[in-house]
Every structure is written in C-alpha cells, then in structure tokens.
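Remarks on the overall topology
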Amino acid sequence: MVHPCGLLTRREEPVPLKSISVTLSICEFVAGVSATLNYENEEKVPLEAFFVFPMDEDSAVYSFEAMVDGKKIMAELQDKMKAHTNYENAISQGHQAFLLEEDRCSRDVFCCNVGNLHPGSKVALTLKYVQELPLEADGALRYVLPAILNPRYSLSGWSEDSCLNMKTPVVPLEDLPYTLSVVATISSQHGIERIQSNCPLSPIEYHGDDKTSAQVSLADGHKFDRDVELLVYYSEVHTPSVAVEMGKPKTDSDCLMGDPSAMVSFYPNIPEAQPPITCGEFVFLMDCSGSMQGPMSKQDKSQLRIEAAKETLILLLKSLPIGCYFNIYGFGSSYEAFFPNSVKYNQHTMEEALRRVNLMQADLGGTEILRPLKTIYGASSIPGHPLQLFVFTDGEVIDSFSVIKEVRSNSLRHRCFSFGIGEGASTSLIKGIARVAGGTSEFITGKERMQSKVLRALKRSLQPVVEDVSLSWDLPQGLSAKMLSPEQTVIFRGQRLIVYAQLTGMMPPAEATGEVCLKYILQGKSFENKVTFSLQPKLDANLTIHRLAAKSFLQTKDMGFRETPANDKKDVLKVSLECGVISSHTAFIAINKDLNKPVQRPLVRRAVPRPILMSTPVVMSSYNRSGLGKTQALGQKLKKKCRPPEEISPEMETARSSSNRTNLETRNTVFGNEHLVQLISLQKANGSWDLNEGLAVVLGMSLEDVLAALPLKAPSCMCL
C-alpha cells in the first residue's frame, strides 16, 4: 500500500501556508539553519493545519517558536505522549497550540501542527537546527535543503501511527500556493574557492582578501521540483582541528550541557593496501519497485531511477576483482536472486549478470526490503571472503527504523554501502543502514559526480579492516575527557572522522593546550594521528557543538518510537530533554493561552499541498553514462577524442580493485557518456578489450587507425 505524504485535506480548500524562508549559515563543515513557515488564515472560520515535510536525518533540531500577531511564544521540548496530550487539551479548550515532532517511523520526516488559527490571524513558526556537512568525493562540502518528500510504502497494518499515512493533496508545480526563499552565508578561515548549486542562484558575493566569506541566495521562483543542494569548495578541507565550546551556565553537573564540549575532526592518512585486496563476497541489492520507474528529478530529460541504478550497478560489476564472489538480488513486493548462491567472478558469470541487469525493470510492486535482507544475512558465509552489501534504492519505505535494526543486528559480519537514487530518497534509511554496518552512503540525484561516488564506495569496500581504533587524550592534571560519540570501529582512507567529548574537571589557564591522538592498526602496522589544541573554550549562544554531540548520541541509541529498547529509551529521553534536541520520543509544543477570547466553534482542517515527483516514465533522448579508468586510459593512449572539448566530463576518481583492474588515479574523461557506456559494455572481466571492429566503432576510428596508434604491435586482446 502506498501512502502519499503531506498535510491532510479532503477537498480543494484555501491553504494557510504562504511562504517558507530559510536562513543558512555555514562555518567550516557545520551548518546552522533557521527555517520559518509563514501562515495566514484568510477564511472566516478558525483553522487547524498540518504540514508534513522532509528533513535531513543528520539535523539536530533544537528550537521551535511561534510569532502570533507580533507575540513570540517559545516552545518546550516534552515527552512525545505528554506533548500530544497537552496539544489536544489546549485545542479542546480553545487555546492556540503548535506542535512539532519527528515521525515515529523515520528520522527524516517531520510534522508541524497549527491549532486554532483565528480568522485573519498571521503566524510565523520558526525551527532551528544544526548539522555536520558530509565531504564529497571531489572535496566539496554538501548541504541539502530537502524539498521533495516522495510517497513511501508500508506493509498493510504497519506504521498506522506514522504522519506519512496522511492523505496529501498534490498540485502541479505552477499551482503551488507557497514560496521558498533561501539566503546563505558561508565562511572558512582557509578561503572559499567556489560555490555550486543544482538550483539557480543570485550572483555570489565574496568578502575578504582570501575570500574567507561569501553570501548567496536562491533565485526567485523555486517550485519545489528538486532538493536545494549547495556544494562548497574550500581552499583546504583536510586540516585536522579541535574546537572547544563553553557549556551552559547554571546547569546540573551530570548534564551534557554543563561542561565544555570538544569537537575533534581527523583526516587519517591511511596508506593504500599492499597488495590490493582481491577477496570478498559482493552482494548487490537492487530496488525494482514501481517507484523506481519515476524520474530522478523534475528537470527536462531526467533519467529514470531504475536506469541510473542499473548504470551504477554495471559500473561496479565491471570493477570487481578477479577471484571474488558476487550475487545480485532484485526486490519489490517480492525478490529474486540472479544465482542460487554467490558465484565466483569471472568472464562467464559477469556476462550472465550483465545480461540480467539489462533486463531489470521497475515492475516488482512495493518497496519491501526486509525479506531479501534477511535472506542475504541467513546465507552461509564464504571462508576468506567477507560480505560487502551494496544497496540501491530510492528509499521509499515508511518504517526505516525496522530496516536499520535488521542491518545493525548483522553488523558484525558485513559492511553495508548504500546508494540513494533520485530526488527525495530517504536520508534516514540510506544513511542509517550504512552507519550501523560500518559502510558509507552516497546520493545520486543527477548525472554529475556519479562515477566518483560509485568508485569511492567500491574502493572503500576493498580496503582492509582498520583494527584496534582508539582515541587518547593528553590533558592538564585535573581535567579529563568523556567520550560522547560511539566507539569508532571503522575508518576509511580519505574519510573525515568527527568525534565529540565532554571535558570535565578544572579548566586550566587560557594559554594551556591539550593533545588528542587517534591510533589504529592496519595490516599489522601501527599508525597514529595527533592534534594539539587550545583549551580555552569559546562561547556560542546556540551551543552548536553540544547539540551536535547530543545528536551523535541520539543517532546511536534512538531506533524509533517502537523499536528503541527500554534502557536506551531512558537515555534518549534524558539527553533529548536536557539538550533540547528533538528525538522520536520527544516533541516541541507551544501554547498561547493569552487570547482575548478562546475559540468556541469547531475547527476546520486545512491541508498544505506539496509537489511530488510522480512515478511516470519520461521519454529519454539520452542517458547518463559512466566509464572506468581503463576506458579513459585507452582513449588517452589512442589520443583520439570522440566528443568536442565542451562535452568532456570533469575529473573523476577511479578505483583499482586488483592488479589487472582499474587504475586508482584521477584522470580526465575523454569520451562522452554514451561512448563510455559502450566501452564499458565491451570490457571483459579481467579489464581487457578484444581488439576488433566493435571496439573501433565505439572509438570512432577504423581498426587500422587503432592498431597504428598503439606503441607496440597489438595483440588480439588489449589490456591496460
């Protein structure tokens, strides 16, 4: 059963939400966001409105307030059941009430209730949150303001209490009755190289001699047809650092907010594995549900999700090391494996897998991912070949916590790498399953940067396990560090590692320093990274580091309203309420009792409609295609470009999975996307091509010219 998401409405009625304005402040790799929802009741009756909207699951929401006809009402964070009771009581008594909560089944969906909105009344609801920004493969820091909330699938009888079950009106983009504005300020002591976006922006204003700050805004007319993405490129992003933040005065000693907190960022210099790893069981779980037939976005000629997922899978299949094992599962309402058991990777099995991948369609109904996951985990392990699970999905599952719980319960025997396909993919599901199983997550929303994301994930899956990870502190006498982040067990080469700690005891004089050391063992060798830092805490009125530390803790313990164990629920409630950071067990509530005359008549419910990326096929003139390092190297050796310079792809990171596979170095792509996918289709399992007319046609050359371009006499099979 598919449930649309959004505000509840049954008829075409006036909509009280008029605009959404967002103020974004990015400092280094942390974003602070203030989002205001502006409501106005233009009717002659009192209203109750419900607005369901997406949030990135890494967001630490810490403030909610209402401005009612010029009067500010600060919300209080309460136990969710208590907040609901107080809201219903306030509404029944005729008071104005406002409720903000995280969905019970998914961490990336929120619901805002506006109760007793008087005729002619104006209300501005403001929520504030902070979040860490992920580091992309090309060095960009990525901020996403989610604007797309797709329908999500649930089994019959499941998740009845999810706000995702509300029936939502859907309108054409041009008829959407509210607007979006975004103003962003970016700052970095290292300087800003450039800022990019998938949406039209106003001219970027840079400030400072070294461009240490910049301001930009979203161009007028955004129609919620895509998530708003900002890519920020700093001059330097791999510098280790420690920031110490002052605690909140007059706070209990056992409260996380009382003492100073430290945020430590490492960029471990993990060496390449020698020799490269050629073992592993690679299982690919491909979403073939009906929603995958939808477009990646509302942009013209947008690729279908299923096609993007298939291209991603083909790119990975062509890069597997000889000698490993693999299998592929397609799933929807039912599921099917390509092979009864994982098979050894060779030319024959690769060709059979590619044949079946090309036949895959988005025709398997709903997104029921739990059953194939349990089948994969229930299979016998292959000695000497650790399980590496790759999941491709648009994430349209209501109860993401149940899926995350299943993955976490099997985390000791595998690593999970997840790919969110298309706009509106669930960040709760995609990030959650990768986090609990020691993998990484990637989001593929368009044709740019797909190659580097896919191959970065494969490269990490081929890395050896980093063992005995530990963090030690060298602090002045009388001062100690208490870890707030979960124990770190997985570190990848090129990955940023962020940990949080609480500094307890007597703070030393301002000039004092401390040192933190990250230690780990890789292939029997010991490594360490040290950072020296000032122990003088800085004042931040928003307590950003404390909030982020609380969010890090909650992501580890909070497994949803129903799935969280009793002991963990107690800890979740304590940290959430003390730190003011919302969880699945708490909610913000604000009540305005200072009305001259409480509302007496029954409330009329009104819905805020939202756009939706409808799951309908589109006519394609071209698809996004990707190529491997070997394909690029072949083109460079032949010194022949199949596309004019303006159509050359940007630099991409490629993966070396074994000695006879793709080289791990950055090169310029010299073929257009369509030519690249044709070259990939001709590549053999061992990384070579047969030198024949078929290869020459793809290269746009005669076979004689190909042979003449080679420095040596060409064999019938060419390897690079």
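First, a word on what this report is: a plain description of the structure on this page.

Reading the values: the criteria
- Residues numbered from 1 in each chain as written.
- Predicted model: local features only at pLDDT ≥ 70, side-chain atom pairs only at ≥ 80, totals over all residues.
- Heavy atoms only, no water.
- Pairing = 2+ DSSP bridges.
- Helix = DSSP H or I, 4+ residues; strand = E, 2+ residues; numbered from the N terminus.
- Axes fitted to C-alpha atoms, helices over the stretch in contact; angles between N-to-C directions.
- Buried < 20%, exposed > 50% of the residue type's maximum accessible area, 1.4 Å probe, protein only.
- Contact = heavy atoms within 4.5 Å.
- Expected span 1.5 Å × (residues − 1).
- Core = buried A, V, L, I, M, F, W, Y, C linked by side-chain atoms within 4.5 Å.
- Salt bridge = Lys/Arg side-chain N within 4 Å of Asp/Glu carboxyl O.
- Parallel < 35°, antiparallel > 145°, perpendicular 65-115°, else oblique.
- Left-handed = near helix turned anticlockwise from the far one by under 90°.
- Phe/Tyr/Trp six-rings, centres within 6.5 Å; stacked < 30°, edge-to-face > 60°.
- Lys NZ or Arg CZ within 6 Å of the ring centre and 35° of its normal.
- Nonpolar A, V, L, I, M, F, W, Y, C, P; charged D, E, K, R; others polar.
- Lys, Arg positive; Asp, Glu negative; His and termini not counted.
- Polar contact = N/O pair within 3.5 Å; in protein donor to acceptor, adjacent residues only side chain to side chain.

Concerning the sheet that holds strand S17 (residues 228-234)
- Taken together, three strands build an open sheet; the order of strands is S11-S17-S14 and the sheet is antiparallel. Across the chains shown, the open sheet's two edge strands, defined by having one partner strand only, are strand S11 (141-145) and strand S14 (192-197). Here the strands of the sheet are splayed against their neighbours by 15° on average, with no regard to which way each runs.
- The sheet contact formed by S14 and S17 spans five bridges and is antiparallel. Note on S17: the bridge partner recorded for Ile 192 is Tyr 234.

Focus on the sheet that holds strand S27 (residues 467-474)
- Taken together, three strands build an open sheet; the order of strands is S27-S30-S31 and the sheet is antiparallel. A strand with exactly one partner marks an edge of an open sheet, and here the two such strands are S27 and strand S31 (525-534). In this sheet, adjacent strand axes meet at a mean angle of 15° when their direction is disregarded.
- In terms of strand pairing, S27 meets strand S30 (residues 513-522) through six bridges, oriented antiparallel. Bridge pairing in S30 links Glu 467 to Ile 521.

Structural notes on the side chain of Thr 393
- Note on placement: Thr 393 falls in strand S24 (residues 387-393).
- A relative accessible area of 1% means that Thr 393 is categorised as buried.
- Beyond its immediate sequence surroundings of up to four residues, Thr 393 is in contact with Asp 287, Met 292, Phe 331, Thr 367, Phe 419, Gly 420, Ile 421, Leu 429 and Ile 430.

Considering helix H9 (residues 566-579)
- Spanning 14 residues, H9 covers 20 Å between terminal C-alpha atoms, matching the ideal 20 Å at 1.5 Å per step.
- Regarding H9, the residues found buried are Asp 568, Val 572, Leu 573, Val 575, Ser 576 and Cys 579.
- A positive backbone phi angle near 70° is found at Gly 580, which sits one or two residues after H9.

Thoughts on unusual backbone geometry
- Of note in this structure, Asp 69 is not a glycine but carries a positive phi near 50°.
- Inspection of the secondary structure puts Asp 69 in the loop between strand S5 (60-68) and strand S6 (71-74).
- A positive phi angle, close to 50°, is found at Leu 543, a residue other than glycine.
- Relative to the helices and strands, Leu 543 is located in the loop between S31 and helix H8 (544-557).
- In this structure Leu 543 comes out as buried when scored by relative accessible area, which is 7%.

Focus on the environment of Ser 333
- By secondary structure assignment, the location of Ser 333 is in the loop between strand S21 (325-331) and strand S22 (335-337).
- Along the primary structure Ser 333 and Gly 290 are separated by 43 residues, whereas in three dimensions their C-alpha atoms are 9.5 Å apart.

Remarks on the nonpolar core
- Membership of the largest hydrophobic core comes to 82 residues, with the highest contact counts inside it found for Tyr 39, Phe 98, Leu 125 and Tyr 143.
- Leave out the neighbours within four places in its chain, and Tyr 143 touches Leu 24, Ile 26, Ala 31, Val 33, Tyr 129, Gln 131, Leu 133, Val 228, Glu 229 and Leu 230.
- One finds Leu 320, Ile 328, Met 350 and Leu 462 within the second-largest nonpolar core, a separate group that totals 44 residues.

Looking at the pattern of salt bridges
- Per the counting criterion, the structure on display carries 21 salt bridges.
- Between Lys 431 and Asp 56 there is a salt bridge; the shortest N-O distance is 2.9 Å. Of this pair, Lys 431 sits in helix H6 (residues 427-436) while Asp 56 is found in the loop between strand S4 (47-54) and S5, placing the two residues 375 residues apart along the sequence. The residues Lys 431 and Asp 56 share a single accessibility class, namely buried.
- For Glu 57, the salt bridge is made with Arg 107, and the minimal N-O distance between the two is 3.2 Å. Taken as a pair, Glu 57 in the loop between S4 and S5 and Arg 107 in the loop between strand S8 (96-102) and strand S9 (109-117) lie far apart in primary sequence, 50 residues in all. The pair formed by Glu 57 and Arg 107 is uniform in burial state, with each residue classed as buried.
- Put simply, Asp 56, Asp 58 and Lys 431 are held in one network by salt bridges that share partners.

Let's talk about the packing of helix H5 (residues 400-409) against H6
- It is at 8 Å that the axes of H5 and H6 come closest, and there the two elements cross at 15°. Here H5 is positioned roughly parallel relative to H6, judged by the angle of their axes. Between H5 and H6 lies a crossing whose hand is right-handed. The segment H5 lies against H6, with Ser 400, Val 403, Ile 404, Val 407 and Arg 408 engaging Ser 428, Leu 429, Gly 432, Ile 433 and Val 436.

So, the packing of aromatic side chains
- Counted according to the given criterion, the structure contains 16 aromatic pairs.
- Pairing Phe 392 with Phe 419 gives two aromatic rings, centres 5.1 Å apart and planes at 5°, and the pair type is stacked. On the criterion of sequence distance, the pair formed by Phe 392 in strand S24 and Phe 419 in strand S25 (residues 414-421) is long-range, its members being 27 residues apart. As far as burial versus exposure is concerned, Phe 392 and Phe 419 are alike and both buried.
- On the numbers, 6.0 Å between centres and 55° between planes, the contact of Phe 417 with Phe 492 is tilted. Separated by 75 residues along the polypeptide, Phe 417 in strand S25 and Phe 492 in the loop between strand S28 (479-483) and strand S29 (497-505) bring together distant segments of the chain.
- Take Phe 492: its relative accessible area is 1%, and that puts it in the buried class.
- Feature note: the residues Phe 282, Phe 284, Phe 390, Phe 392, Phe 417, Phe 419 and Phe 492 constitute an aromatic cluster, connected by ring pairs.
- Note that Arg 104 overlies the ring of Phe 561, its terminal NZ or CZ placed 4.1 Å from the centroid.

Some details on the packing of helix H2 (residues 305-317) against helix H3 (residues 347-359)
- Axis separation between H2 and H3 bottoms out at 10 Å; the angle between their running directions is 175°. Here H2 lies roughly antiparallel to H3, going by the angle between them. Two secondary-structure elements touch here, H2 through Lys 310, Leu 313, Ile 314 and Leu 317 and H3 through Ala 353, Leu 354, Val 357 and Asn 358.
- Considered class by class, the residues forming the contact of H2 with H3 number six nonpolar, one polar and one charged.

Here's the deal with the side chain of Asp 287
- With respect to the helices and strands, Asp 287 occurs in strand S20 (residues 281-287).
- Buried and unpaired, Asp 287 has Arg 305 as its nearest opposite-charge partner, separated by 7.3 Å.
- Here Ser 289 takes part through its side chain, which lies 2.7 Å from a polar atom of the side chain of Asp 287.
- If near-sequence neighbours (up to four positions away) are discounted, Asp 287 is found in contact with Met 292, Ile 306, Phe 331, Thr 367, Phe 392, Thr 393 and Asp 394.

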